[in-house]
Amino acid sequence: MEALVEPGVLTIDTDAGRLHLEALCDDLVRVRHVRPGDALSDRVSYALDPDARWDGAVWDLREDETTLHARTGTLALAVDRVSGAMTVSDVDSGETLAEAGPLNADRPAHDVAL
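Residues numbered from 1 in each chain as written. Predicted model: local features only at pLDDT ≥ 70, side-chain atom pairs only at ≥ 80, totals over all residues. Heavy atoms only, no water.

## Thoughts on the overall build of the protein
Along the protein, the regular secondary structure elements total zero helices and nine strands. Along the protein, helices (α) and strands (β) appear in the sequence β-β-β-β-β-β-β-β-β when read from the amino end. Buried residues in the protein amount to 36% of all 114 residues. A separation of at least 24 residues holds for 33% of the contacts in the protein among residues at least 6 apart in sequence. As displayed, the protein has an accessible area near 7,100 Å², and 46% of this comes from carbon and sulfur atoms. (Helix = DSSP H or I, 4+ residues; strand = E, 2+ residues; numbered from the N terminus. Buried < 20%, exposed > 50% of the residue type's maximum accessible area, 1.4 Å probe, protein only. Contact = heavy atoms within 4.5 Å. Areas by Shrake-Rupley, 256 points an atom, 1.4 Å probe, with all protein chains shown as cover.)

Here it is in structure tokens:
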């Protein structure tokens, strides 16, 4: 499965739909899940201030057959290319900050609290 990269945005197709990862800054990534057959919503998340402006961040990507590894200056994400399961770690310490199991096309995506 191919990952598409735009400035600050990483899109990963999985069996359960598309993951849209937006690096708002080095230590904040917005994760959205688009179920198969659906389109990415333009609706602003209630969790984000619609007037907020973010500097963005650049993804540093590395991948192997099963996992996409994406880093910003402070966060490291490991995303399973098939299931969408994800781990978020601190770049410097390696400490796991959050983990999310496989995506499910029948219900909302990851429930991750940092």
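## Digging into the pairing of strand 4 (residues 28-34)
The element strand 4 is largely enclosed, with a buried count of five among its seven residues. Across seven bridges, the pairing between strand 3 (residues 17-25) and strand 4 is antiparallel. Following the sheet pairing, glutamate 22 is matched in strand 4 by arginine 30. Where strand 3 folds back on strand 4, the antiparallel hairpin that results is connected by two residues. (Pairing = 2+ DSSP bridges.)

## Describing the confidence of the model for the protein
Caution is warranted with low-pLDDT regions, since their predicted coordinates should not be read in detail. Put simply, the protein has an average pLDDT of 82, and 83% of its residues get 70 or more. Low confidence marks residues 110-114, where pLDDT is under 50. Its contacts with residues over four positions away, or in another chain, come to 13 contacts. (pLDDT = per-residue confidence, 0-100.)

## Observations concerning the nonpolar core
In this structure, Leu10, Ile12, Leu21, Trp59, Leu77 and Met86 are the most contacted members of the largest nonpolar core, which totals 18 residues. Where this core is concerned, the elements lending two or more residues are strand 2 (9-14), strand 3, strand 6 (67-71), strand 7 (75-80) and strand 8 (86-90). Those residues in contact with leucine 21 that lie beyond four places of it in its chain are Gly8, Val9, Leu10, Ile12, Val29, Arg30, Val31, Trp59, Leu77, Val79 and Met86. (Core = buried A, V, L, I, M, F, W, Y, C linked by side-chain atoms within 4.5 Å.)

## Quick word on the pattern of salt bridges
In this structure the tally under the stated criterion is two salt bridges. In this structure, aspartate 13 engages arginine 18 in a salt bridge whose closest nitrogen and oxygen atoms are separated by 2.7 Å. For arginine 18, a relative accessible area of 35% puts it in the partly exposed group. When the shortest N-O distance is used, the salt bridge between glutamate 63 and arginine 81 registers 2.3 Å. Of this pair, glutamate 63 sits in strand 5 (residues 60-63) while arginine 81 sits in the loop between strand 7 and strand 8, and the two are 18 residues apart along the sequence. (Salt bridge = Lys/Arg side-chain N within 4 Å of Asp/Glu carboxyl O.)

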